[in-house]
Amino acid sequence: MSATTAGDLAERLLAFTVETLEAGERAHLPGWSIPRTFAGHLVGADVRADVCFTLHHLAEAGVTQVAGEPVDVILNRLLGEVVGADTHTFFSYRIAETLLRRGPFEGNPLLAGLSDEQRAEVALAVDSSDWLELLDAKVLPRNYAGVLSRCELGRVRLGLVADQSRLDDLVARVGRVLGGNPLGTLDDSNDRIGRYDIYTADVWLFTEPLADRIGPVWRDGIAKALDLVLAVGSRDGSAVPWGRSTGDLAAALTLELAAYALTNDPPTGRVRERDAVWLRRAADAAETLVAGFDADGVSRAHAHRAQDSYRGPERRLQLTYDLLGKIAWAAGALATVEPGLEAASAADAYPAQDRWLPFEDARPAGAWAHRSPGIDLVVPFVGTSRSHYLPAPFQPGTFEVPVDRDLPTWTPLVVHGLKRYTAAGLPASVDHDADGRRVTAHWDSLPVSGRGLDGDDPGPNLNGTRTAELSVEGRSLVLRDHLTFERPPKAVSLAIGEVADRPLRVEWEVDGGSTTSTTSTTSTTSTTGTTGHLATVVDVGGLSEWRSSWSEIQRVHQLDLEPATELRYSARVTPLLRVGSTAHGHHYDRSLYGPIKDRVVGRPSPVGWEAVPDPGFRHLDLLHLHWPEWLAFDDLAAHRAIIAELADHGIPVVWTAHNLTPHEKRAEVFDPIYAAWAEAADGVIHHSAWGEGRIRARYAFRPDARHEVIPHGHFGRMWERAGLPARADAESWLGLRALPPGGLRIGIVGAPRAEKRVQEVLDAVAASGRDDIELVCWSLKGDEVVPDDPRIAIAERYRSVERNVYATRLAACDVLALVFDAEGEMLATGAAADAVGVAIPALRSDWGYLVEHLGLAGIPVGQTAESITAAIDALTPDQLATATAAAAQRKLDLDWAPLAEQTAALFERVVQQLP
């Protein structure tokens, strides 16, 4: 749901919220009646409060009716059924603020017609003062000081409380919580384990109504929270990708923070470029959020994904309306922003960085945030040993971990006795090397794995150490681990999760032995070395425990180490490049991508008339352009729109320049289209140096475009798979007589082209003095004059045929006639790849492509009937044998494997922005 302007985004979000609310009312809340149960779970009072709050924000944004009823009429009905004792904390202040839109409690129009009992229930609902003792007892996270302060503020503003001393005490307490760390980050744990997570940023937002009472601490804190999210935020819109409340809630926080940033002047004054960045972050978050609801208006955050244990399926409806309320508030705020403000590009919104973000001064709590062309990640070094707080890389869509589990990833699982341990919690030291793009952390002991968020004591740590170095090398993330133990544990292993739509190449090395194993996207078998270490890939698709907040983890790359008192090993993890090809499924495409499937995933193009939609290009690293006209025909404006969209999302383009212009030869139409793509291309593949010269002379490419000559591979394997027959069988099936020894059968195959000199070849054979030649032609366009000559055994109009038929035709020929106009506008022909693929030479013209591509497998014949006749008549068996041997060598030279390697290398250079 990308939006280029603030006005457009606000309008779309507001419409989406209304439509989704109405869908939910039709499907599950008829007449705005809240169900008592939902899919086997009791529905709590929180759902009613969140529906009210969402409607309240819509009303604030100017919406007067939803599902055909006035908003205030709906709210009156919903408030009349509030159960006060069941409504608390977040939901108390949401009810209070819903009422405040229409004034104080007494005489509030939203309570009109309610009985005294109903009004008393509403008054009780906004009162969460009884939760103070839980806060005092440290049962609640520290951020609840802000929640309860906001509840009390609501009661004061509604006129339900005259004495403000409790509010003052709570605000002072909030000030101490928020101001206790000079860095402005919140350790939300009560036992100071260093639990820094999304609430480090969110706490400032939900205490915003208290900002004036809290004072400068709040203003400084919100500025730091905004900077933190700009640093650790992900391209899918996630504000903070680790810990609690990630997934759609993290996207919602980005949207809210962006709306706040765009409607409140920072201390340093407004900067339009920064506003554009926040608008882009908001648009990306909106894309994620809008995709996260089903047709019945319910969040899909629990479907094939996971949430925190306290936010399980029993809270599906609550999460649904919580999210919608956040979207509605943001939409209303964005509607006040200058409508014409344009969002920044992805490149500007997510700039390259390598930063250590400290959360404390005294202890090494913090996060390593890295962005560079081709790889983004954040690694937190924070308290607790639950799976989603471990020092693992986080990048939604690429690096994901199980939620709220005892399943360590990227940090070793050590089993000793009956307990499981891992390297977690705050390390003893962290060293960040920005120039080296790496971070090194050391733990003096290993805590029990899977420790809860707060308050529990799982027992003493294991005597052992871990020193872990994480570095970015190109697009690879490399982990180098060193473990020590007092005595060998029962088991030591390392697991790396691979999400369903993001294959990884994982290469393991273990010191002290001979094992080096590689597991890639196609490998599911174990590799065992002589040292007893075992590398394997485990399919975990469909298992609920292996789900993140964003998707399912499909496979686990695992290294099972032979226990010892000291272990050193490394893992090099490289996401496969996701390349959208505009020729996906074409035999050229399959031939090219097959040999590099362990590094490149070919996908259908997400742009063009046959596009497979990929909103926001979330599943694409590069577009491989083949024939531009296949994308948007002759519509120059459509081509320019595609180019602009790709550029806006930072998707580079590699163009394989098959043609100088389309075969229909409308230069006045297609030259501007080809010129536009030339200007946009980051890399260009030329099938010959001659062709590179031609196209670069015609179109202006970017000065920094990377040009690479990579020859066209041959199609021999395709014809073999199609059933390439023996010569005699081919002749029999085609109805051809066997030629005498030394005879020559010339074939013309492939589609007619303006540059293709078929008539000249027909006339040349007819004029030849040889009686041992034969011409078979399946390439007539219909206007040729076929000489009446028995040596022209077949002369048929071109039509597309099955591959086995085409292979049979090739098998019957001694040579192919590839006679093309040397001055034409073609850059290559697939027929040459056919000739090389079956190792037969070609009678060729002086067209530069053929001269270079065929080498000695090409027999020069010129391009006139006279020159072709002379060459045929002068051709000796020895010359033909030499050319045939050269064709066999060219078949080896033009195998797809080395050519695909060159292509993959160019893709990498382009994605990594290397010269």
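Everything below is about the structure shown above.
Procedures and definitions
Residues numbered from 1 in each chain as written. Predicted model: local features only at pLDDT ≥ 70, side-chain atom pairs only at ≥ 80, totals over all residues. Heavy atoms only, no water. Pairing = 2+ DSSP bridges. Helix = DSSP H or I, 4+ residues; strand = E, 2+ residues; numbered from the N terminus. Axes fitted to C-alpha atoms, helices over the stretch in contact; angles between N-to-C directions. Buried < 20%, exposed > 50% of the residue type's maximum accessible area, 1.4 Å probe, protein only. Patch = residues over 30% accessible without salt bridge, like charges linked within 9 Å, V, L, I, M, F, W, Y side chains within 5 Å. Areas by Shrake-Rupley, 256 points an atom, 1.4 Å probe, with all protein chains shown as cover. Salt bridge = Lys/Arg side-chain N within 4 Å of Asp/Glu carboxyl O. Parallel < 35°, antiparallel > 145°, perpendicular 65-115°, else oblique. Left-handed = near helix turned anticlockwise from the far one by under 90°. Contact = heavy atoms within 4.5 Å. Nonpolar A, V, L, I, M, F, W, Y, C, P; charged D, E, K, R; others polar.

A closer look at the sheet that holds strand S23 (residues 622-625)
Turning to step 1, where the next piece is worked out: Read from one edge to the other, the open sheet built from six strands follows the order S22-S21-S23-S24-S25-S26, with strand pairing classed as parallel. The sheet is open, and its two edges are formed by strand S22 (600-604) and strand S26 (706-709), each paired on a single side. Pairs of neighbouring strands in the sheet enclose a mean axial angle of 25°, with direction left out of account.
Turning to step 2, where the next piece is worked out: When strand S21 (residues 577-581) meets S23, the two strands line up parallel, connected through three bridges.

A word on unusual backbone geometry
Turning to step 1, where the next piece is worked out: A positive phi is found at Asp404, a non-glycine position, where the angle reads about 55°.
Turning to step 2, where the next piece is worked out: With respect to the helices, strands and loops of the structure, Asp404 is situated in the loop between strand S7 (375-381) and strand S8 (413-416).
Turning to step 3, where the next piece is worked out: The exposure class assigned to Asp404 is buried, which follows from its relative accessible area of 11%.
Turning to step 4, where the next piece is worked out: Here Ala839, not a glycine, exhibits a phi torsion of approximately 60°, which is positive.

Considerations on a nonpolar patch on the surface
Turning to step 1, where the next piece is worked out: On the surface, Trp609, Trp630 and Phe633 cluster together into a nonpolar patch covering about 360 Å² of accessible area.
Turning to step 2, where the next piece is worked out: Within the secondary structure, Trp630 sits in helix H17 (residues 629-632).

Considerations on the pairing of strand S6 (residues 366-372)
Turning to step 1, where the next piece is worked out: Along S6, seven of the seven residues are buried, which leaves the element largely enclosed by surrounding structure.
Turning to step 2, where the next piece is worked out: Direction of pairing for strand S5 (residues 353-358) relative to S6: antiparallel, over a ladder of six bridges. Each residue of the ladder has a partner; that of Arg355, found in S6, is Ala369.
Turning to step 3, where the next piece is worked out: Taken together, the seven bridges between S6 and S7 define a ladder with antiparallel strand orientation. Directly across from Ala367, in S7, lies its bridge partner Pro380.

Concerning the packing of helix H1 (residues 6-27) against helix H14 (residues 316-334)
Turning to step 1, where the next piece is worked out: Where H1 meets H14, the axes come as close as 8 Å, and the angle between the chain directions of the two elements is 150°. Considering the angle they form, H1 stands roughly antiparallel to H14. Between H1 and H14 lies a crossing of left-handed hand. Residues Ala6, Leu9, Ala10, Leu13, Leu14, Phe16, Thr17, Thr20, Leu21 and Gly24 of H1 form the contact with H14, whose participating residues are Tyr321, Leu324, Ile327, Ala328, Ala331 and Leu334.
Turning to step 2, where the next piece is worked out: Broken down by class, the residue content of the contact of H1 with H14 amounts to 13 nonpolar, three polar and no charged.

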